[in-house]
Structures are given as C-alpha cells and as structure tokens.
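Okay, here's what each chain looks like letter by letter:
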Amino acid sequence: MGTKVTLKCATDFLRVTKQYLPHLARLCLISTFLEDGIRMWFQWNEQKDYIDATWGCGYFLATCFVLLNLTGQLGGCVLILSRHFVQYACFGLFGIIALQTVAYSILWDIKFLMRNLALGGGLLLLLAESRSEGKSMFAGVPSMGESSPKQYMQLGGRVLLVLMFMTLLHFDPSFFSILQNMVGTALIILVAIGFKTKLAALTLVIWLLAINVYFNAFWAVPAYKPMHDFLKYDFFQTTSVIGGLLLVVALGPGGVSMDEKKKEW
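Just so you know, these numbers come straight off a predicted model, no measurement behind them.

Cut-offs applied
- Residues numbered from 1 in each chain as written.
- Predicted model: local features only at pLDDT ≥ 70, side-chain atom pairs only at ≥ 80, totals over all residues.
- Heavy atoms only, no water.
- Helix = DSSP H or I, 4+ residues; strand = E, 2+ residues; numbered from the N terminus.
- Buried < 20%, exposed > 50% of the residue type's maximum accessible area, 1.4 Å probe, protein only.
- Contact = heavy atoms within 4.5 Å.
- Areas by Shrake-Rupley, 256 points an atom, 1.4 Å probe, with all protein chains shown as cover.
- 1 Å grid on protein atoms, 1.4 Å probe; cavity = no way out; pocket = protein on both sides within 12 Å on 5 of 7 lines; lining within 4 Å.
- Points joined across faces, edges and corners; volume = space filled by probe spheres on them.
- Nonpolar A, V, L, I, M, F, W, Y, C, P; charged D, E, K, R; others polar.
- UniProt positions renumbered as here; feature names shortened; annotations may be inferred.
- pLDDT = per-residue confidence, 0-100.
- Salt bridge = Lys/Arg side-chain N within 4 Å of Asp/Glu carboxyl O.
- Axes fitted to C-alpha atoms, helices over the stretch in contact; angles between N-to-C directions.
- Parallel < 35°, antiparallel > 145°, perpendicular 65-115°, else oblique.

On to the overall build of the protein chain. What the protein chain contains, in helices and strands, is 13 helices and zero strands. Taken from the N to the C terminus, the helices and strands of the protein chain come in the order α-α-α-α-α-α-α-α-α-α-α-α-α. Classification of the 265 residues of the protein chain by burial places 46% in the buried group. Of the contacts made within the protein chain by residues no fewer than 6 positions apart, 72% connect residues no fewer than 24 positions apart. By element, 72% of the accessible surface of the protein chain is carried by carbon and sulfur atoms, the whole surface being about 14400 Å².

With that settled, consider the layout of surface pockets. One number sums up the size of the largest pocket: a volume of about 470 Å³. Arg39, Gln47, Tyr104, Asp229 and Tyr233 are the residues nearest the centre of the largest pocket, which is lined by 16 residues in total. If you list the elements that add at least two residues to the lining of the largest pocket, you get helix H3 (31-42), helix H4 (44-55) and helix H12 (226-251). For the lining of the largest pocket, the residue count by class is eight nonpolar, three polar and five charged.

Inspection of the entire model under this criterion finds one cavity of 30 Å³ or more. Lining the largest cavity, in full, are Thr32, Phe33, Asp36, Gln73, Ile96, Ile97, Gln100, Asn116, Leu119, Tyr233 and Gln237. Breaking the lining of the largest cavity down by element, the ones donating at least two residues are H3, helix H6 (86-103), helix H7 (110-136) and H12. Residues belonging to the lining of the largest cavity are distributed by class as follows: five nonpolar, five polar and one charged.

Moving on, we get to the UniProt feature "transmembrane region" (unreviewed entry) in the protein chain. In the numbering used here, UniProt assigns the "transmembrane region" (unreviewed entry) feature to residues 59-81, 88-107, 175-195, 202-223 and 235-256. Spanning residues 175-195, this segment combines 90% helix with 0% strand, and its end C-alpha atoms are found 27 Å apart.

This part is about the confidence of the model for the protein chain. With 86% of its residues at a pLDDT of 70 or more, the protein chain has an overall mean of 84. Within the protein chain, helix H1 (residues 2-17) has the poorest average pLDDT of any element, 62, and helix H5 (residues 58-82) the best, 94.

Okay, the pattern of salt bridges next. All told, the structure shown has four salt bridges when counted by the stated rule. As a salt-bridge pair, Glu129 and Arg26 come within 2.7 Å of each other at their nearest N and O atoms. On the criterion of sequence distance, the pair formed by Glu129 in helix H7 and Arg26 in helix H2 (residues 21-29) is long-range, its members being 103 residues apart. Comparing Glu129 with Arg26 shows no difference in burial state: the two are buried. With a closest N to O distance of 3.5 Å, Glu35 and Arg39 form a salt bridge. Highlighted residues: Glu35 and Arg39, both in helix H3, separated by four residues, approximately one helical turn. Comparing Glu35 with Arg39 shows no difference in burial state: the two are buried. One salt-bridge network, in which partners are shared between bridges, spans Glu35, Asp36 and Arg39.

Contact pair H2 / H3: the axes reach a minimum separation of 4 Å and the direction vectors enclose 40°. By the angle class used here, H2 and H3 are oblique. For the pair H2 and H3, the contacting residues are Leu27, Cys28 and Leu29 in the first and Ser31, Thr32 and Phe33 in the second. Each residue belonging to the contact of H2 with H3 can be placed in one class, and the counts come to four nonpolar, two polar and no charged.

Here we take up the side chain of Thr32. By the element assignment, Thr32 lies in helix H3. The class for Thr32 is buried, based on a relative accessible area of 4%. Leave out the neighbours within four places in its chain, and Thr32 touches Gln73, Leu119, Phe236, Gln237 and Ser240.

So, in structure tokens, the structure goes:
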C-alpha cells in the first residue's frame, strides 16, 4: 500500500513539473561550470599564479589556461541555457573537465576523480537530450525507434552519475551509516540498471540535496577561510550531479534499461 502511494505521489509530481523540470535540470547541471568560470574572473591572479607555480609553465601559458577555463565555461553555460549549439557546448565542457583533471592533479585523487566522472555523466545526459530535441524537429519523418547512440549515452550517463554516491558511503559500524549505505546502494543500483528509474532518481535527488545543504554549507564559513572555497566548489559540483539526476527523471532511463525491456515482455 505504501509503495503504491509513493508511486502515485511521484507520478503526480512528474506530471505537474513536466514542463519545468528539464529547465531546472539544465540550470543545476551547469551551476558548477558557471560558478567556476566566475571564480576564474575574480581570482584571476591567484589561479594564474597557482598554475605557474605547480607546472612551471610560465606567465603566458598560465594566462592561456585561466582564460580558456573562463571563456570555455561561461560560454558553454550561455549556449546551454539559450539552447543554441548545445552539443558543441557539451563537448567544450567535456574538454574543460579533462583539462582541469590533469591541471589540478585530480587524476590521482579517487574521490574528486569519481565526482568529475559523475559530472561528465550529467553532460552525457544533456547531450542525449539535445539529440532528442534535434530529432523532434523532423516530426513527420518515419523512425525505426530510438537511436542507439542516444540509448548508450543515457546508459553511460546513468552509470557515471552514480559514482557521486559511491564517494558518500561511510564505512563505520554505526547503525545510521549502515542503513544509509544500504539504502543508497540499492538506489544506485536501480538507477544504474534502469529499474523504477524515475522514482529511484527522484529519491536520490532529495537525498543528495539534503546531504549537500547539510555538509557543504559554505555560506556558514567566512569567505577568507580556505574551507569556504572548498565547500563552495563541492556544493556546486554536487548541484550539477543533482541536475543530471533531474534529467534522468525528466527523460527516463532510455532504451538500454530494465524499464524499457519490461515493455517488451
């Protein structure tokens, strides 16, 4: 009985928010790029000096790196929000993620690497959405079904998104941690395999939103403390993953999923 009530509530929520959910998802998804691009502007000298000191690349290359990050991220955000050249913007932001992973040595930090991969998963889902919108322009053209590239982009996006939650698992013997790990792992698996996908993704959105506000409250830390920037970065990166999950809720799991296969049974 409780499950049926939950499913009905989720269905009602999706019906009411259907028109607005994709817009909210895109805004959340690009939030970390928008924040980081603005930070590059206000911390221009600090960012440039850090890159020069870390890599010894000189003033010119360090300046080019910061400028590329600033223009690439802000430009990509503008294109995505305006719904113009979305696919090119996604590829550009993929490049920014790869560039920052190397430049800031994230490649050797498993936690941050997994979160960057989760962010890439959100971009994959946005790329799948843009392909879907492109095809909808040719409404009168017969179709053999959903294109394979879109299906596998949605699958890859779902699988990468759940990496965020693997970084939130706590390995201690307390009852609350064990319960949280069990529930979180179950929801992660459901999203990854595409079973009851929208409900599982919506539940993860609520859970991750609560964790984000509680643990990454950068506004409660004075701006001059290093922890402020760390929490702010983590907050917006988590918000971007929430945007990716909202896209899963809005678009569904795609063709490569148990939800889709059930329709054939």
